[in-house]
Amino acid sequence: MRRLPVLVSVAALLVAGGLAGGGGAHAEAPAEPAPAAAGHTAATVVRDIEIPVAGRPAVRAWLVRPQRVGGGLAGVLDLHWFEPGRANQDRTEFLAEATALAGRGVVSVLPQLTFPWAGDPVGDARDRAAVTAQLDAVQAAYRRLLAEPGVDRKRTAVVGHDYGAMYAVDLTAREPGLRTAVLLAPDATWANWFDLYWLELPAGEKEAYRAVFAGLDPVDLVGRLGAGAYLQFAGADRFVGAETRAAFAAAAPRATVSLYPQEEHDLGAARTRDDRLAWLTDRLGLRG
């Protein structure tokens, strides 16, 4: 079961950018440890930042960038996965990758997501409102990335895993200029996991609940990306099976797809990381 366990208060940590917490739009997010990379290295700056969201609570995020100033920098927005009990199911998931990419001229923003991390689905239109509120925060994080000095808005990408991948697809529908997305193990619809792991709706209510998310389901939006989508799936994934993979294949026939037969849902092998970094290198024209 993927149900979120009892939340704990966020421990404050002192880093280069100030006090870090895991705040969010709905409730306190799970505690996260201070990343080893926080602060300054010879070539990289890692800062804890707070991103304003119109009409909603601010979002905590890591900002990772080359220490040098000047233009010509690519930008990546990283959206983490949901897996209660796993230490990296927060904004630290892609931090090591972001730090490595900074050395190749990339600025990254890694926001803390909060729904459903810090609030359970309830089974009606309030869940659509919660997804939309989280998407507003994700969009604010992307706009913050674009505002970072030196970022070339024509060379940006979003990387997402699990629910993070689903929000990534929805973001590209809101931001037509964002044409590059790496999607790790997304589900096709918002209703599926909410129902399966939280709600357990009667058979007669399932279709009506899916209709709540009309216009937001990733499988209905991913085709807009064309060749700009890269999907990574795990063959031993107990959450994302062949039917979901087939739905995405039909919806996005021009996407690049990698299937890792022995991998599980975390897609934690070095090969999966290397493959997406190679794909981003090509799409964003990275140096090195």
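All values derive from a computational prediction rather than experimental measurement.

Quick notes on the rules
Residues numbered from 1 in each chain as written. Predicted model: local features only at pLDDT ≥ 70, side-chain atom pairs only at ≥ 80, totals over all residues. Heavy atoms only, no water. Helix = DSSP H or I, 4+ residues; strand = E, 2+ residues; numbered from the N terminus. Buried < 20%, exposed > 50% of the residue type's maximum accessible area, 1.4 Å probe, protein only. Contact = heavy atoms within 4.5 Å. Areas by Shrake-Rupley, 256 points an atom, 1.4 Å probe, with all protein chains shown as cover. Expected span 1.5 Å × (residues − 1). 1 Å grid on protein atoms, 1.4 Å probe; cavity = no way out; pocket = protein on both sides within 12 Å on 5 of 7 lines; lining within 4 Å. Points joined across faces, edges and corners; volume = space filled by probe spheres on them. Nonpolar A, V, L, I, M, F, W, Y, C, P; charged D, E, K, R; others polar. Axes fitted to C-alpha atoms, helices over the stretch in contact; angles between N-to-C directions. Parallel < 35°, antiparallel > 145°, perpendicular 65-115°, else oblique. Left-handed = near helix turned anticlockwise from the far one by under 90°. Polar contact = N/O pair within 3.5 Å; in protein donor to acceptor, adjacent residues only side chain to side chain. pLDDT = per-residue confidence, 0-100. Core = buried A, V, L, I, M, F, W, Y, C linked by side-chain atoms within 4.5 Å. Salt bridge = Lys/Arg side-chain N within 4 Å of Asp/Glu carboxyl O.

Draft legend 1. Seen up close, the overall build of the protein chain. The helix and strand inventory of the protein chain stands at eight helices and eleven strands. Relative to its 288 residues, the protein chain shows a buried fraction of 55%. In the protein chain, 74% of the contacts between residues at least 6 apart in sequence involve partners at least 24 apart. Summing over all exposed atoms, the protein chain offers an accessible surface of approximately 11600 Å²; the carbon and sulfur share of this is 53%.

Draft legend 2. The arrangement of the environment of leucine 284 in detail. For leucine 284, the location among the structural elements is in helix α8 (residues 270-284). Those residues in contact with leucine 284 that lie beyond four places of it in its chain are Ala74, Gly75, Val76, Arg155, Thr156 and Ala157.

Draft legend 3. Just helix α3 (residues 163-174), in detail. Between its terminal C-alpha atoms α3 stretches 17 Å, which fits the 16 Å expected from twelve residues at 1.5 Å a residue. In terms of burial, α3 is a largely internal element, ten of the twelve residues being buried. Of the positions making up α3, those classed as buried are Tyr163, Gly164, Ala165, Met166, Tyr167, Ala168, Val169, Asp170, Leu171 and Thr172. Buried residues belonging to α3 abut β6 (73-79), α2 (125-147), β8 (151-161), β9 (181-184), α4 (190-199) and α6 (218-221).

Draft legend 4. Summary view of the layout of surface pockets. Within this model, the largest pocket holds a volume of roughly 330 Å³. Lining the largest pocket are 18 residues; nearest its centre among them are Asp187, Thr189, Ala191, Asn192 and Arg210. Mapped by element, the contributors of at least two residues to the lining of the largest pocket are α4, α5 (206-211) and α7 (242-251). Here the lining of the largest pocket gets five residues from one element, more than from any other, and that element is α4. Among the residues forming the lining of the largest pocket, the class breakdown is eight nonpolar, three polar and seven charged. Considering only enclosed or pocket space, the second largest pocket measures out at about 220 Å³ in volume.

Draft legend 5. Up close: the packing of α2 against α3. Packing of α2 against α3 leaves a shortest axis separation of 10 Å and a crossing angle of 70°. Relative to α3, α2 is oriented roughly perpendicular. Of the two elements, α2 crosses α3, and the hand of that crossing is right-handed. Within the contact between the two elements, α2 uses Ala130, Val131, Thr132, Gln134, Leu135, Asp136, Val138, Gln139 and Tyr142 and α3 uses Tyr167, Asp170, Leu171 and Arg174. When its residues are assigned to classes, the contact of α2 with α3 shows seven nonpolar, three polar and three charged.

Draft legend 6. Highlighting the side chain of histidine 161. Inspection of the secondary structure puts histidine 161 in strand β8. Of the residues examined, histidine 161 reaches a relative accessible area of 0% and is grouped as buried. Of note is the side chain of histidine 161, whose polar atom sits 2.9 Å from the backbone oxygen of histidine 265. With residues near it in sequence (within four places) discarded, histidine 161 still touches Leu79, His80, Trp81, Glu93, Phe94, Leu184, Ala185, His265 and Asp266.

Draft legend 7. Geometry of the confidence of the model for the protein chain. Chain-level statistics for the protein chain give a pLDDT mean of 89 and a share of 85% at 70 or above. In this model, residues 3-31 is a region of pLDDT below 50 whose contacts with residues beyond four sequence positions or in other chains number 75 contacts.

Draft legend 8. Summary view of the nonpolar core. Counting 87 residues, the largest nonpolar core has Leu77, Tyr163, Tyr167, Trp190 and Phe194 as the members making the most contacts within it. In terms of residue count, the dominant contributor to this core is α2 (ten residues). The residues contacting tyrosine 167, other than those within four sequence positions of it, are Leu79, Leu113, Phe115, Trp117, Ala130, Val131, Gln134, Leu135, Val138 and Trp190.

Draft legend 9. Expanded view of the pattern of salt bridges. This model, assessed by the stated rule, comprises 15 salt bridges. With a shortest N-O distance of 2.6 Å, glutamate 148 and arginine 144 are connected by a salt bridge. The exposure class assigned to glutamate 148 is buried, which follows from its relative accessible area of 7%. With relative accessibility at 23%, the residue arginine 144 sits in the partly exposed group. A salt bridge links aspartate 217 to arginine 210; the shortest N-O distance between them is 3.4 Å.

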